[in-house]
Amino acid sequence: MDLTFSPEEEAFRQEVRAFIAEAKTKLPKAIGVPESATRSKEDYLAWHKLLFQKGWVAPAWPKQYGGTGWSVTQRYIFGQETAEAEMPATLPFGLSMCGPVIYTFGNEAQKKKFLPRILSGEDWWCQGYSEPGAGSDLANLRTRAVREGDHYIVNGQKTWTTLAQYADWIFCLVRTDPSVKPQEGISFLLIDMKTPGIEVKPIIVLDGAHEVNDVFFDNVKVPVENRVGEENKGWTYAKFLLVHERSGIARVAGSKRAVERLKEIARTELVDGKPLIESGDFIHKVAELEVELAALEFTELRTLAQESKGKMAGPESSILKIRGTEIQQRITELTEEAVGYYAFPYERAMGRNEYPVGPDYAVGAAGRYFNMRKASIYGGSNEIQRNIIAKAVLGL
Ligand SMILES: Cc1cc2nc3c(=O)[nH]c(=O)nc-3n(C[C@H](O)[C@H](O)[C@H](O)COP(=O)(O)OP(=O)(O)OC[C@H]3O[C@@H](n4cnc5c(N)ncnc54)[C@H](O)[C@@H]3O)c2cc1C
């Protein structure tokens, strides 16, 4: 693998840097705040909209649907530069999950109706997969869709639905045939969140943030034209989407920036009068983290190189998910260790009105540590990813 960049690629890097520098002057302040609870819907969308205006919002999409047409290396450079500049990630639900399902399996009318609005940020999507009793065992889902003429009538409950409180649309896995093998009776529906009978109830998490929800469906009428692909073939589209979701969760470039930040903290914090970074124990832990991260980066590059030859990532995306999220968690653990006692005052993201205790870099360290516990659960828990690797990659 040749890892040197051509002059054209370096010129592209400069173009990305210039764009980011200008964008930073236009973004609201809350964008730089790590706690999601302090962001409004407009804050979330501000960066998305600037990228859309530039034509850069969907680097992974085919050009014909509004993608950038970038090479894999350009996408890599863009990811590196945005992470280095600590730009917020765009929300994955439309761009990385539902969009690819629609342009791969949807009909022309669906592509025309939904794809431009995902790109522009006009439609905010959320993911209706998990249910009480159907998480790891997703095929066990019970939300029922019964066909009546040109509509489905949907009844049931989805849970852990991230940011559904802002959503205009939800993509849902529903049971359309309960009489067959679980995987064979599922369909993929696109549901307008304004349809009568939908209720969104907040689930407030440990750091006080309103990040996830329960979504209830009570006789919700969904036009049949909003079904993606064939009836009862939804499991195929669901699995395709999960591969996209899992690859995106690795966040290698963001972790590289976070490790640099951790090292800056360790240079400032003193132990027995010496910088923490010089402590043998701590520097070994950071070195171990950097080695893991470099290995993950090469794995990601290998996946991207395959993609550039037209081979989409398959179950290998589970490797990226496991290692990527373990590293993200490890960074929050070592940050807590580095800031020591200053991690104890545990500031809640919402309703905080006291002055933070300790240096700026310690603020929110505990909140981030707790919040990041989610990463080994969402997108399919890491235990389940190991099962996938055992069966589908190693053939055990
Ligand atoms: C912050 C957050 C956001 C989320 N956002 C969304 C969203 O927007 N939309 C959505 O649809 N879902 C979302 N989820 C749900 C997520 O996909 C599920 O939580 C996940 O799939 C695990 O399912 P579960 O919570 O039902 O746990 P369970 O399936 O009940 O698992 C409980 C534990 O048992 C383990 N386990 C289960 N089965 C096995 C097995 N066969 N082998 C080994 N171990 C096993 C699991 O690893 C886990 O540790 C989100 C979750 C979180 C935490």
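Above this text you will find the structure in question.
Now for a quick tour of the structure. Note that the structure is a prediction, hence the values are computed from the model and not measured. (Residues numbered from 1 in each chain as written. Predicted model: local features only at pLDDT ≥ 70, side-chain atom pairs only at ≥ 80, totals over all residues. Heavy atoms only, no water.)

Put simply, helix α7 (residues 252–268) and helix α9 (residues 317–339) touch, their axes get as near as 10 Å, and they point 10° apart. One finds that α7 runs roughly parallel with respect to α9. Two secondary-structure elements touch here, α7 through Ser255, Ala258, Val259, Leu262 and Ile265 and α9 through Ile327, Gln328, Ile331, Leu334, Thr335, Ala338 and Val339. A breakdown of the residues in the contact of α7 with α9 according to their chemical character gives nine nonpolar, three polar and no charged. (Axes fitted to C-alpha atoms, helices over the stretch in contact; angles between N-to-C directions. Helix = DSSP H or I, 4+ residues; strand = E, 2+ residues; numbered from the N terminus. Parallel < 35°, antiparallel > 145°, perpendicular 65-115°, else oblique. Contact = heavy atoms within 4.5 Å. Nonpolar A, V, L, I, M, F, W, Y, C, P; charged D, E, K, R; others polar.)

The subject of this paragraph is the side chain of aspartate 214. Here aspartate 214 is to be found in strand β7 (residues 210–223). Summary of buried charges: aspartate 214 has no salt-bridge partner, and the nearest side chain of opposite charge, lysine 201, is 7.5 Å away. Polar side-chain contacts of aspartate 214 include one of 3.1 Å to the side chain of glutamine 157. Looking at aspartate 214, its side chain comes within polar contact range of the side chain of threonine 159, at 2.6 Å. (Buried < 20%, exposed > 50% of the residue type's maximum accessible area, 1.4 Å probe, protein only. Lys, Arg positive; Asp, Glu negative; His and termini not counted. Salt bridge = Lys/Arg side-chain N within 4 Å of Asp/Glu carboxyl O. Polar contact = N/O pair within 3.5 Å; in protein donor to acceptor, adjacent residues only side chain to side chain.)

Moving on: the site of the ligand. Around the ligand there are 18 residues in total, and Ser136, Trp160, Thr162, Ser381 and Glu383 lie nearest to it. Glutamine 127 places a main-chain nitrogen or oxygen 2.8 Å from a nitrogen atom of the ligand. Serine 130 places a main-chain nitrogen or oxygen 2.7 Å from an oxygen atom of the ligand. For the shell around the ligand, the element with the highest residue contribution is helix α11 (residues 382–393), accounting for three residues. Both of domain 2 (125–232) and domain 3 (250–393) provide at least three residues apiece to the shell around the ligand. (Near = heavy atom within 4 Å. Domains from an automatic or database assignment.)

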